[in-house]
Amino acid sequence: MPGLGSLLDLKADSLGTYLRAQRRHGDVVRIDAGPPGLRMELYCVFSAEGAQQVLASESANFRKDNPFYEEIRESFGNGLLTAQDADYLRQRRLVQPLFTRKRVDGYAGAVAEEAAGTLASWARARDGVVDVSDEMMHLALRAVSRILFGADTDATVDVVHRCFPVITEYVLRRGYSPLNVPRGWPTPGNRRAAAAMEELYGVCDRIIAERRRAGGTDGAYGADGGAEDLLTLLAGAQGSDGAAFDAAELRDQVLIFLLAGHETTATSLAFALHLLGRHPEEQARAREEIVRVLGDRTPQASDLDRLPYLTRVLKETMRLYPAAPVMGRNAVAASEIDGHTVPAGATVILAPWVTHRHPRYWSDPDRFDPDRFTPEAEAGRPRYAWFPFGGGPRACIGQHFSMLESVIALAMLLRAYEVETVDTQVPLSAGITLEAKGPMRCRIRRVEP
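Residues numbered from 1 in each chain as written. Predicted model: local features only at pLDDT ≥ 70, side-chain atom pairs only at ≥ 80, totals over all residues. Heavy atoms only, no water.

**Digging into the overall build of the protein chain**
The condition is simple: Helix and strand assignments follow DSSP, with helices taken as H or I runs no shorter than four residues and strands as E runs no shorter than two, numbered in order from the N terminus. The quantity called the radius of gyration is restricted to C-alpha atoms. Its globule counterpart is 2.2 Å times the number of residues to the power 0.38. The criterion used for residue contact is that any of the two residues' heavy atoms lie within 4.5 Å. Residue exposure ignores everything except the shown protein chains as possible cover, and the areas themselves are Shrake-Rupley values with a 1.4 Å probe. Neither His nor the chain ends contribute to the count of charged residues, in which Lys and Arg are positive and Asp and Glu negative. Where a charge lies is defined by one atom per residue type, namely NZ (Lys), CZ (Arg), CG (Asp) and CD (Glu).
In terms of helices and strands, the protein chain carries 16 helices and 12 strands. Taken over the C-alpha trace, the protein chain has a radius of gyration of 22 Å; the compact-globule value for 449 residues is 22 Å, and the two agree within 12%. Along the longest, intermediate and shortest principal axes, the C-alpha atoms of the protein chain span 65 × 55 × 45 Å. A sequence separation of at least 24 residues applies to 72% of the contacts in the protein chain between residues at least 6 apart. Carbon and sulfur atoms provide 51% of the accessible area of the protein chain, an area that totals close to 19100 Å². Here the protein chain carries 53 positive and 59 negative side-chain charges, and the mean point of each set is 1 Å from the other.

**Section: the environment of isoleucine 147**
The residue isoleucine 147 is located in helix H7 (residues 132–149) in this model. When the C-alpha atoms of isoleucine 147 and leucine 81 are compared, they prove to be 19 Å apart, with 66 residues separating the residues in sequence. Beyond its immediate stretch of four places on either side in the chain, isoleucine 147 contacts Tyr107, Ala110, Val111, Asp229, Leu230 and Phe401.

**Focus on the sheet that holds strand S2 (residues 40–45)**
Pairing between sheet strands relies on hydrogen bonds along the backbone, with the strands arranged either parallel or antiparallel. Let me state the cut-off plainly: DSSP calls a pair of strands paired once it identifies at least 2 bridges connecting them.
Overall, mixed pairing links the five strands, which are arranged S1-S2-S8-S5-S3 in an open sheet. Unpaired on one side and paired on the other, strand S1 (28–33) and strand S3 (62–63) mark the two borders of the sheet. Where S3 lies against strand S5 (residues 327–331), two bridges are found, and the strand directions are antiparallel. Considered in S5, the bridge of arginine 63 is made with asparagine 330.

**Overview of the sheet that holds strand S12 (residues 441–446)**
Counted only if it meets this: Fitted lines through C-alpha atoms give the axes, limited to the stretch in contact for helices. The angle between two N-to-C directions lies from 0 to 180 degrees.
A sheet is described by the order of its strands in space; here three strands give the open sequence S4-S12-S9, paired in antiparallel fashion. One side of each edge strand has no neighbouring strand; the edge strands of this open sheet are strand S4 (129–131) and strand S9 (417–421). Strand-to-strand twist of the sheet, defined as the mean angle between neighbouring strand axes without regard to direction, takes the value 35°. By the bridge criterion, three bridges tie S4 to S12 in an arrangement that is antiparallel. From the neighbouring strand, aspartate 131 faces S12, where its bridge partner is arginine 441.

**Describing the pattern of salt bridges**
We apply this condition: Each salt bridge in this description consists of a side-chain nitrogen of Lys or Arg and a carboxyl oxygen of Asp or Glu lying within 4 Å of one another. Each residue's exposure class comes from its accessible area (1.4 Å probe, protein chains only) as a fraction of the maximum for that residue type: buried when under 20%, exposed when over 50%, partly exposed otherwise.
Applying the stated rule across the entire model yields 34 salt bridges. Note that arginine 63 is salt-bridged to aspartate 85, the shortest N-O span being 2.7 Å. Residue arginine 63 is located in strand S3, and its partner aspartate 85 is located in helix H4 (residues 85–95); the two are separated by 22 residues in the primary sequence. Among the ionic pairs, aspartate 364 bridges to arginine 367, the shortest N-O distance being 3.0 Å. By relative accessible area, which is 37% here, arginine 367 ends up partly exposed. One network of salt bridges, with partners in common, ties together Glu113, Glu114, Arg142 and Arg146.

**Observations concerning the packing of aromatic side chains**
Under the convention used in this document: Any Phe, Tyr or Trp ring, taking Trp's six-membered ring, that has another such ring centre within 6.5 Å forms a pair; planes under 30 degrees apart are called stacked, those over 60 apart edge-to-face, and the others tilted. Lysine and arginine charges are scored as sitting over a ring when NZ or CZ, respectively, is within 6 Å of the ring centre and within 35 degrees of the ring normal.
Per the counting criterion, the structure on display carries nine aromatic pairs. Taking 5.5 Å as the distance between ring centres and 75° as the angle between the ring planes, the aromatic pair formed by tryptophan 122 and tyrosine 417 counts as edge-to-face. Here tryptophan 122, found in helix H6 (residues 108–122), pairs with tyrosine 417, found in strand S9; they are 295 residues apart in sequence, far enough to count as distant. Each member of the pair, tryptophan 122 as well as tyrosine 417, is classed as buried. In textbook terms, an aromatic cluster arises when at least three aromatic residues are bridged by ring pairs, as seen for Phe271, Tyr321 and Trp353. Here arginine 319 stacks its cationic end above the ring of tryptophan 362, 5.1 Å away from the centre of that ring. Its end group placed over the ring of tyrosine 384, arginine 383 keeps NZ or CZ at 4.3 Å from the ring centre.

This is the structure in structure tokens:
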């Protein structure tokens, strides 16, 4: 529409708009959006080399200062996802020891038990059809809540399930609007969001207070009953200078882990089932590997390296359906990217959704092909041709946990059930994470031993 630039296109289909921009104009494209006086200038960077520059080699010049991250910070707290500078470095130093591979592997048992609960519910599925988007969201939320809170899982799952969509919609509406009323004004939208945040903050604060009164050990849970839950570890984390999280900082970390820890994994699992349900040969190949490696025993963390094809299935799923399809940064100083000048103060957009489909790195990019991720194939591509977990010094701290949870859950589901996709076309939108805007139903059939 004249006067609004590409604003309506971005609101209607941001993923398609970015993809068309790359196809028509190249790897650095300026998109103007909004009315005169409130117009946003987005500098979109679509090449792997450009992504590496923004996220890694010149990461100090590209900060999370844009309005979208500010809205996430205001709603979900100043945790690892949104913190910057000294706050971020301090948080990362405190949290990093809790995400070592050995520590994360201790949560494999919790993931397997939640996957077993999903299998039990599938046995009761009406007409043998399930919505894998809803099912995987429930599985991932229960798993991350259990790992965060131990015995307090049930107290949080219902609250998160009810409150997160309200807060997320509020963040998106404000983050992409050129002009917002103050949060304190008593508008219906502000009041709904404030009520949801109050309820969500309240349950987190209660659990944190109870845990601290109990000395930090009540409700601890691990794969073998001995590993402590993540909240216990966060409450006890100390830096070399004796610094630790206070109660408000603990809540911020918990909220960010809930946000990033369940929606991203749920997206990957749901779309893996959706894709395998459309590609029976690849599904059969994955199941053969699972049965050969696992037999009828429960998968463990040590099985990840023994399930390479299943891992490739998930990586290819994350290529086609990255849970974080768009990332934003703010340029501190002017920079040259792919021969184009990005001015100081510019909003810079990276789009894994586009880079993961870039014909320079991916032949027949819309085709589902897990063998794109053999070691030989991966070695032949630029590092940032695939970056579903971001990259550089702010790469997702939970990468290994996400892969652990996804491989274990998918192995258990595919060993027990064949899936056939019912909804072959799923409308999508780019929220805080990739969202399916319609059902993702699959027909499931029990696999005979």
